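Structural description and commentary
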Amino acid sequence: MKISQIMVSKGPLGESLPPLQSMLLEELNRRPDEVFDNNDESLLRIFPRLKRSSLSWSLYLLHKQGLIAKKRIRLNGRLSTVFGSHEAVEALKEHMES
């Protein structure tokens, strides 16, 4: 494989992301109409080798770097944190206000 064919996602300061975070960031940006909790089954099905703890930690790190957004909401009577692209979380906020 040629080096030029290898895509590397960049963080806000131009640093490269680890492969797992890069894959998650790409998947979340592809879904601007969805948010995911930190143990989301649909993400675990997309990445079958991914452990729940790795998913949760990666989402937290992506949010900490400002690459994705998060919001605390009440789901099924329980307070939960959801993550998604900035567009998705903004759409969620608008939906909850209406």
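Below or above, wherever it landed, is the structure these notes cover. All figures in this text were calculated on a predicted structure; none of them were measured in a lab. (Residues numbered from 1 in each chain as written. Predicted model: local features only at pLDDT ≥ 70, side-chain atom pairs only at ≥ 80, totals over all residues. Heavy atoms only, no water.)

**Describing the environment of Met23**
The following threshold applies: In DSSP terms, a helix is any run of H or I states spanning at least four residues, a strand is any run of E spanning at least two, and both are numbered starting from the N terminus.
With respect to the secondary-structure elements, Met23 resides in helix α1 (residues 19–30). Here the alpha-carbon distance between Met23 and Phe47, two residues 24 residues apart in the chain, equals 9.1 Å.

**Side note on the pattern of salt bridges**
Stated precisely, the cut-off is as follows: A pairing counts as a salt bridge when a side-chain nitrogen of Lys or Arg comes within 4 Å of a carboxyl oxygen of Asp or Glu. With a 1.4 Å probe rolled over the protein chains alone, any residue whose accessible area is under 20% of its type maximum counts as buried; one over 50% counts as exposed, and the rest are partly exposed.
As enumerated under the stated definition, the model contains six salt bridges in all. Between Glu26 and Arg30 there is a salt bridge, with the nearest N and O atoms lying 3.0 Å from each other. Linking Glu26 with Arg30, this pair stays in helix α1, spanning four residues, or about one helical turn. Of the charged contacts in the structure, one is a salt bridge between Glu41 and Arg52, with a shortest N-O distance of 2.5 Å. Placement of Glu41 in helix α2 (residues 41–46) and of Arg52 in helix α3 (residues 52–64) is noted, with a sequence separation of 11 residues between them. On the basis of relative accessibility, which here comes to 40%, the residue Glu41 falls in the partly exposed class. One connected set of salt bridges, linked through shared partners, spans Glu26, Glu27, Arg30, Arg31 and Glu34.

**A few points about the nonpolar core**
Rule in force here: We define the nonpolar core as a collection of buried residues of types Ala, Val, Leu, Ile, Met, Phe, Trp, Tyr and Cys that are connected through side-chain atoms lying within 4.5 Å of one another. Note on contacts: a residue pair qualifies if any of its non-hydrogen atoms lie within 4.5 Å across the two residues.
Leu24, Leu25, Leu55, Leu59, Leu62 and Ile68 are the most contacted members of the largest nonpolar core, which totals 15 residues. Each residue touching Leu25, except ones within four places of it in the same chain, is listed here: Leu17, Leu62, Leu67 and Ile68.

**Thoughts on the pairing of strand β3 (residues 78–84)**
Defined as follows: Any two strands between which DSSP finds at least two bridges are classified as paired.
With five of seven residues buried, β3 is to be regarded as a mostly interior element. Where strand β2 (residues 69–75) meets β3, seven bridges bridge the pair, whose relative direction is antiparallel. Note on β3: the bridge partner recorded for Ala69 is Gly84.

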